[in-house]
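Listed below, chain by chain, are the residues.
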Amino acid sequence: MCGDVEDDGSYESDLAQRFLARAHTLLARRPAAGDDLEAYLDRLFADLLGRCVADVEAADASDAYRRMAMQSVVLSRLAGYLAGHAALQEDPLRKVMEAVMHGYGEADPVPAHDHHRHDHGHDHEHDHPHSH
């Protein structure tokens, strides 16, 4: 279509590599030792992240991004399953949503990837945002 740029998968590959680099940085910080709940939860997070990293690294390069992107869906499903077994007075869904937002906030913003250019210089029938 007008101005479309062929997508060769390099954007997705870059995102997968970015994830791996950031994850390795997080994993390099060893979770605190101890038997308290906070230390346990930090180790569990590191274990799960380590599994995700290993699975992305084991995937074919053409499938690494898709695998990484779908891991969040599976882990969200698991979070919902576990929350479904918690007492309702603990408001488990709120805790899950807060944790999801916290984790989302920890990730650096993903650079925009424009699939088509907006300066193609001809008239057609789709709108572009204009400043007035």
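Heads up: the structure comes first, above all this text.
Here is a short report on the structure shown in this document. On a predicted model such as this, the values are computed, not experimentally measured, just so you know. (Residues numbered from 1 in each chain as written. Predicted model: local features only at pLDDT ≥ 70, side-chain atom pairs only at ≥ 80, totals over all residues. Heavy atoms only, no water.)

## Thoughts on helix 2 (residues 37-58)
Rules: Strands are runs of DSSP state E lasting at least 2 residues, helices are runs of H or I lasting at least 4, and numbering of each runs from the N terminus. Here the expected span of a helix is defined as 1.5 Å times the quantity of residues minus one. Between buried and exposed lies partly exposed: a residue is buried under 20% and exposed over 50% of the maximum accessible area for its type, with that area taken using a 1.4 Å probe on protein chains only. The arc in question is formed by the directions pointing from the helix axis toward the C-beta atoms. Contacts between residues were defined by any pair of non-hydrogen atoms, one from each residue, lying within 4.5 Å.
The first and last C-alpha atoms of helix 2 sit 31 Å apart over 22 residues, in line with the 32 Å expected at 1.5 Å per residue. Along helix 2, the positions that sit buried rather than exposed are Ala39, Ala46, Leu49, Cys52, Val53 and Val56. One side of helix 2 carries all its buried residues, which in axial view fall inside an arc of 150°. Across from the buried face of helix 2, at angles greater than 90 degrees, the exposed residues are Leu37, Asp47, Arg51 and Ala58. For helix 2, the secondary structure elements touched by its buried residues are helix 1 (10-28) and helix 3 (61-83).

## Overview of the environment of Ala83
Tracing the backbone through its elements, the reader meets Ala83 in helix 3. Separated by 12 residues in the primary sequence, Ala83 and Lys95 have C-alpha atoms spaced 8.5 Å apart. Residues within four places of Ala83 in sequence aside, it is in contact with Pro92 and Val96.

## Quick notes on the packing of helix 2 against helix 3
We count it as follows: Every axis in this analysis is a line fitted to C-alpha atoms, fitted for helices over the stretch in contact. Angles between the N-to-C directions lie between 0 and 180 degrees. Every angle not falling under 35 degrees, over 145, or within 65 to 115 is termed oblique; those three ranges are roughly parallel, roughly antiparallel and roughly perpendicular. Left-handed describes a crossing whose near helix is turned anticlockwise from the far helix through less than a right angle; right-handed describes the clockwise counterpart. Under this grouping Gly is polar, as are all residues other than the nonpolar Ala, Val, Leu, Ile, Met, Phe, Trp, Tyr, Cys and Pro and the charged Asp, Glu, Lys and Arg.
At a closest axis distance of 8 Å, the pairing of helix 2 and helix 3 adopts a crossing angle of 150°. The angle between helix 2 and helix 3 places the two elements in the roughly antiparallel class. As for how helix 2 packs across helix 3, the hand of that crossing is right-handed. Across from Cys52, Asp55 and Val56 in helix 2, the residues of helix 3 making contact are Ala64, Arg67, Met68, Gln71 and Leu75. Here the contact of helix 2 with helix 3 is composed, by residue class, of five nonpolar, one polar and two charged.

## Regarding the side chain of Gln71
Looking at the element boundaries, Gln71 is found in helix 3. Ignoring any residue separated from it by four or fewer positions in sequence, one finds Gln71 in contact with Phe19, Cys52, Asp55 and Val56.

## Let's talk about unusual backbone geometry
Located in the positive-phi region is Asp91, a residue other than glycine, with phi close to 50°. Looking at the element boundaries, Asp91 is found in the loop between helix 3 and helix 4 (92-106). Given a relative accessible area of 35%, Asp91 falls into the partly exposed group.

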